[in-house]
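Spelled out, the chains give:
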Amino acid sequence: MRTLCGLLVLSAVFVPHVRSAPVPKAAEVNLLVNGGFEEGPDVDGFLALDAGSEAVKGWAVTRGQIDYIGTHWVSGEGSRSLDLHGSPGFGGVKQSFQTTAGHKYRVSFLMAGSPGSKSSVNTVCVRAAGKKEAFSFDNEGKTHKEMGWAKKSWEFVATEAETTLEIHTLDDEDNLAGPALDDVRVVAVKK
Ligand SMILES: [Ca+2]
C-alpha cells in the first residue's frame, strides 16, 4: 500500500504539468472570419468603403458607407478597426456563419466612439436571428490614442443552419464620425 500510495503521490505531482498544456475549447472558437478586421485592403489613415463592399475579408458593408481604420486611431485589437460612419455615410457590416437551430450563441465586440463626434454618445444595433439590441458608448473625453474601447456582449438563439450577424449605426447626427468597432466574436454557449 505504501508503494501504491507513493505512486499516487507521484501522479499527483506530474499530472498537473500534463494538464497545464493549452487545450482549445471548441465552444470558445470564434465562428467569424476576420472578426478583428485585420485582413483587408491597404490603408494608411482610413479608407471609405461603400455599401456592398466586400474588401474586408469575411465582411460585407450593408448600408451607407463605413471607414476602414488604419492609423487614424488606435484600434482595440491589432491595428485595424472600423468607423461605422463613412466619409460620409451611416453604415453597417454583416457576416454569415454556420449555426444549429435552437442553440444559443454569444456575440461580443469591442466598441468605442469617434473622438470629436457631434454625437457624444454613439450607438449601434446588433442583429441576428430576428432579434436585435442597441449598445451605446460615451465618447466624451476620448482621444484617437485613448479610445477607451469597451467590451459588449449579447446572446441569441439560432433559428436556422446559417445566421447573419449585422452591426450597424443607430446614430443620425454626425455622418462623418460614428461608432467604432473591433474584435467581433461569436461563440457557441455551452449548455
Ligand atoms: Ca482589429
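Structural data are supplied above this passage.
Cut-off values and rules
Residues numbered from 1 in each chain as written. Predicted model: local features only at pLDDT ≥ 70, side-chain atom pairs only at ≥ 80, totals over all residues. Heavy atoms only, no water. Helix = DSSP H or I, 4+ residues; strand = E, 2+ residues; numbered from the N terminus. Buried < 20%, exposed > 50% of the residue type's maximum accessible area, 1.4 Å probe, protein only. Contact = heavy atoms within 4.5 Å. Areas by Shrake-Rupley, 256 points an atom, 1.4 Å probe, with all protein chains shown as cover. Phe/Tyr/Trp six-rings, centres within 6.5 Å; stacked < 30°, edge-to-face > 60°. Donors = N, O, S within 2.8 Å, 3.2 Å for Na, K, Ca; no water. Pairing = 2+ DSSP bridges. Axes fitted to C-alpha atoms, helices over the stretch in contact; angles between N-to-C directions. Core = buried A, V, L, I, M, F, W, Y, C linked by side-chain atoms within 4.5 Å. Salt bridge = Lys/Arg side-chain N within 4 Å of Asp/Glu carboxyl O.

**Q** Sorry, what's going on with the overall build of the protein chain here?
**A** When you go through the protein chain residue by residue, the secondary structure sums to one helix and 13 strands. Starting at the N terminus and walking to the C terminus, you meet the elements of the protein chain as α-β-β-β-β-β-β-β-β-β-β-β-β-β. Counting only residues that meet the buried cut, the protein chain has 42% of its 191 residues in that class. Within the protein chain, contacts between residues separated by at least 24 positions form 71% of all contacts whose residues are at least 6 apart in sequence. Entry remark: accessible area of the protein chain is about 10300 Å², with carbon and sulfur atoms responsible for 53%.

**Q** Looking at this structure, I do not really get the packing of aromatic side chains. What am I missing?
**A** What characterises a pair of aromatic rings is the spacing of the ring centres plus the angle enclosed by the ring planes. Following the criterion strictly, the structure yields five aromatic pairs and no others. Here the aromatic rings of Trp154 and Phe156 are separated by 5.9 Å at their centres, their planes lie at 35°, and the arrangement is tilted. An identical accessibility class is assigned to Trp154 and Phe156; each is buried. Put simply, the rings of Phe97, Tyr105, Trp154 and Phe156 pair up and form one aromatic cluster.

**Q** What's the story with the coordination of the calcium ion in this structure? I'm lost.
**A** Around the calcium ion, the donor atoms from the protein are Gly36 (O), Glu38 (OE), Glu77 (O), Glu77 (OE), Arg80 (O), Asp182 (OD) and Asp182 (OD), and they sit 2.3 to 2.9 Å away. Written as a sequence motif, the donor residues of the calcium ion are G-x1-E-x38-E-x2-R-x101-D. Residue Glu77 is classed as partly exposed on the basis of its relative accessible area of 26%.

**Q** Help me understand the sheet that holds strand β4 (residues 81-83), please; the structure alone is not making it clear to me.
**A** Either a parallel or an antiparallel arrangement is found when strands of a sheet pair, and the pairing is made through backbone hydrogen bonds. Judged by pairing direction, the sheet is antiparallel, and its six strands sit side by side in the order β1-β3-β4-β13-β8-β11 without closing on themselves. Looking at strand neighbours, the two that pair on one side only are β1 (46-50) and β11 (150-157), the edges of this open sheet. Ignoring strand direction, the axes of neighbouring strands in this sheet form an average angle of 30°. As paired strands, strand β8 (residues 104-113) and β11 are joined by eight bridges and run antiparallel to one another. Paired with Val107 across the strands is Trp154, a residue of β11.

**Q** Hey, could you run me through the nonpolar core in this one?
**A** One broad trend across soluble globular proteins is that nonpolar side chains are buried collectively. If you look at the biggest cluster of nonpolar residues, it comprises 37 residues, and the most contacted ones within it are Phe109, Val126, Leu165, Ile167, Leu181 and Val184. Only β3 (65-69), β7 (92-98), β8, β9 (121-128), β10 (131-138), β11, β12 (162-169) and β13 (179-188) provide two or more residues apiece to this core. Considering each element in turn, this core owes the most residues, six residues, to β8.

**Q** Even after reading the chapter, I still don't get the sheet that holds β12, so can you show me in this structure?
**A** If you trace the five strands from one edge of the open sheet to the other, you get β2-β7-β12-β9-β10, paired in antiparallel fashion. Every other strand in the sheet has two partners, leaving β2 (60-63) and β10 as the edge strands with one partner each. Sheet twist, expressed as the average angle between the axes of neighbouring strands with direction ignored, equals 25°. Direction of pairing for β7 relative to β12: antiparallel, over a ladder of seven bridges. Residue pairing for β12: Gln95 is matched across the bridge by Leu165.

**Q** How should the pattern of salt bridges be read in this particular structure?
**A** When charged atoms on two side chains of opposite charge get close, those side chains can pair. Within this structure, the stated rule accounts for five salt bridges. For Glu166, the salt bridge is made with Arg63, and the minimal N-O distance between the two is 3.0 Å. Here Glu166 is found in strand β12, whereas its partner Arg63 is found in strand β2, with 103 residues between them in sequence. Here Arg63 falls in the partly exposed class, since its relative accessible area comes to 31%. Each of Lys104, Arg106 and Glu155 takes part in a single network of salt bridges with overlapping partners.

**Q** Teacher, can you tell me more about the environment of Arg63 here?
**A** A sequence separation of 31 residues divides Arg63 from Lys94, and the C-alpha atoms of the two residues are 9.9 Å apart. In this structure Arg63 touches Ala51, Phe90, Gly91, Gly92, Arg127, Glu166 and His168, once residues within four positions along its chain are discounted.

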